[in-house]
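Below are the chains, spelled out letter by letter.
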Amino acid sequence: MIRIAAVGDVHLDADVLGRFRPALEELPDCADVLLLAGDLTRHGTEAEARCVAEEFGRLGVPVVTVLGNHDHQCDQVPQVVKVLEDAGITVLEGTGTVLECPGGRLGVAGVKGFGGGFAGRCASDFGEPEMKSFVRTSNESAAALGAALRGLDCDLLVALTHYAPVPDTLAGEPLEIYPFLGSYQLGQAIDSAPTALALHGHAHAGSERGVTPGGVRVRNVAHPVIKQAYSVFHLGGDQID
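The rules we used
Residues numbered from 1 in each chain as written. Predicted model: local features only at pLDDT ≥ 70, side-chain atom pairs only at ≥ 80, totals over all residues. Heavy atoms only, no water. Pairing = 2+ DSSP bridges. Helix = DSSP H or I, 4+ residues; strand = E, 2+ residues; numbered from the N terminus. Axes fitted to C-alpha atoms, helices over the stretch in contact; angles between N-to-C directions. Contact = heavy atoms within 4.5 Å.

**Looking at the sheet that holds strand β4 (residues 89-91)**
The five strands lie next to each other as β4-β3-β2-β1-β13, forming an open sheet whose pairing is mixed. Each edge of the open sheet carries a strand with a single partner, namely β4 and β13 (231-235). Strand-to-strand twist across the sheet, computed as the mean angle between neighbouring axes with direction ignored, equals 25°. Examined bridge by bridge, strand β2 (residues 33-37) and strand β3 (residues 63-66) share four bridges and lie parallel to one another. Paired with L36 across the two strands is T65, which belongs to β3. The sheet contacts of helix α4 (residues 77-86) involve β3 and β4, and relative to β4 the element is tilted by about 145°.

Below, the structure is given as structure tokens:
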């Protein structure tokens, strides 16, 4: 059994620094790893990243993250990534990592992801250059996730994204914004490998549970959805708590 703690959309800045830390201090007692599903900051500044590093660094368990759309806002992604990595936080973007846990080797592949919509109601690679660029970004992001998932040698495999891979976990959000909250391509990428669990954020008013067309269980761990410092999933066999 591998214990995975996860949360997304914490949107840290100096005024909320310390909000999560008391619960995070207890992580080694209840989890083997912490996965962060993007939107770590409010506007993606280096200063806000330092708040994230202070809050989520030195926890006694490995911390792995992807970035979210908020983390890109101020075009300081290289600085944000450096601050996080200097604090020992692994940042994934079309890449993966394997962690040695007491219950086995956990593989985590991650990508921010992008929008585009879901089967039957999605954007297509046709028309104006702007639309084709939008859809190609979705396709390239999903392809990178799929390749990262399939490239990991591990006992249990988890997909970590910011954008949603299925519409199930968007229930509660306005239908009009589904295309900006995720894409079916991410779900296809997850189904292309023996993925045991998919985690994402982004949909603050969404629902917690979903499943890909291939049967992979999906969990929306955005903080406004789970309403706690993190959720813990016990991964192994057929059980996911």
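More follows now that the structure is in view.
**Remarks on the sheet that holds strand β12 (residues 217-220)**
Pairing is mixed across the open sheet formed by six strands, whose spatial order is β5-β6-β9-β10-β12-β11. At either margin of the open sheet sits one strand with a lone partner, and together these are β5 (95-101) and β11 (209-211). The sheet shows a mean angle of 25° between the axes of neighbouring strands, taken without regard to direction. Bridge analysis of β5 against strand β6 (residues 104-111) gives seven bridges, and the strand direction is antiparallel. By the bridge assignment, C101 is partnered in β6 with G104. Against the sheet, helix α5 (residues 129-150) makes contact with β5, β6 and β9 (156-161), and its axis sits at roughly 165° relative to β6, the strand it touches most.

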